[in-house]
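Per-entry structural report
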Amino acid sequence: MSTTMLQTVTLETGMQGVIPITAIADAHYTHEQTVASATWTVTHNMGKYPSVSVVDTGDNVIVPDVEYIDTNSLTILFSGATAGNAYLN
């Protein structure tokens, strides 16, 4: 998704003009795992290999193994059953 905004600029000559500026919003996805599991399968449909941050139900940051299946899905692997959230960007 992109948004186009207009910005007024002043050149060294003193002339002013308006130029378009396009801002591209980056995709993000939150996966909520309510049932504890050692393997989380995440289908995010972001079309990329996102960074992954994970917290348990106590909001403690944990660092599991992440295996990318393709640009739209991944698997998160834990040493034991875990519930919480995965934040993808």
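Quick caveat, the model's predicted, so the values are computed rather than measured.

Calculation criteria
Residues numbered from 1 in each chain as written. Predicted model: local features only at pLDDT ≥ 70, side-chain atom pairs only at ≥ 80, totals over all residues. Heavy atoms only, no water. Pairing = 2+ DSSP bridges. Helix = DSSP H or I, 4+ residues; strand = E, 2+ residues; numbered from the N terminus. Buried < 20%, exposed > 50% of the residue type's maximum accessible area, 1.4 Å probe, protein only. Polar contact = N/O pair within 3.5 Å; in protein donor to acceptor, adjacent residues only side chain to side chain. Phe/Tyr/Trp six-rings, centres within 6.5 Å; stacked < 30°, edge-to-face > 60°. Contact = heavy atoms within 4.5 Å. Core = buried A, V, L, I, M, F, W, Y, C linked by side-chain atoms within 4.5 Å.

Examined bridge by bridge, strand β6 (residues 65-70) and strand β7 (residues 73-88) share 5 bridges and lie antiparallel to one another. Note that in β7 the partner of D65 across the bridge is L77. Hairpin connection between β6 and β7: a loop of 2 residues separates the two successive antiparallel strands.

Position of Q33 relative to the elements: it lies in strand β3 (residues 29-43). Accessibility expressed as a relative area gives 15% for Q33, which makes it buried. Polar side-chain contacts of Q33 include one of 2.9 Å to the side chain of H31. Polar side-chain contacts of Q33 include one of 3.0 Å to the backbone oxygen of V35.

All chains considered together, the criterion is met by 2 aromatic pairs. Note on W40 and F78: the rings are 4.7 Å apart at their centroids and 55° apart in plane angle, and the pair reads as tilted. One end of the pair, W40, is in strand β3; the other, F78, is in strand β7, and 38 residues separate them in sequence. According to the relative accessible area criterion, W40 is buried, its value standing at 0%. On the accessibility criterion, F78 (14% relative accessible area) is buried. Between Y49 and Y68 the ring centres are 5.5 Å apart and the planes differ by 90°, which places this aromatic pair in the edge-to-face class. Within this pair, whereas Y49 is found in the loop between β3 and β4 (52-56), its partner Y68 is found in strand β6, the two being separated by 19 residues in sequence.

Our next topic: the side chain of T75. Among the structural elements, T75 can be located in strand β7. Given a relative accessible area of 13%, T75 falls into the buried group. In this structure T75 touches T39, W40, D65, V66, E67 and I69, once residues within four positions along its chain are discounted.

As a further point, take the nonpolar core. In this structure, W40, V42, M46, V54, L74, I76, F78, A86 and L88 together form the largest nonpolar core, which totals 9 residues. Elements with a contribution of two residues or more to this core: β3 and β7. Top contributing element to this core by residue count: β7, with 5 residues. In this structure, V54 is in contact with W40, N60, V61, I62, P64, I76, F78, N85 and A86, ignoring residues within four places of it in sequence.

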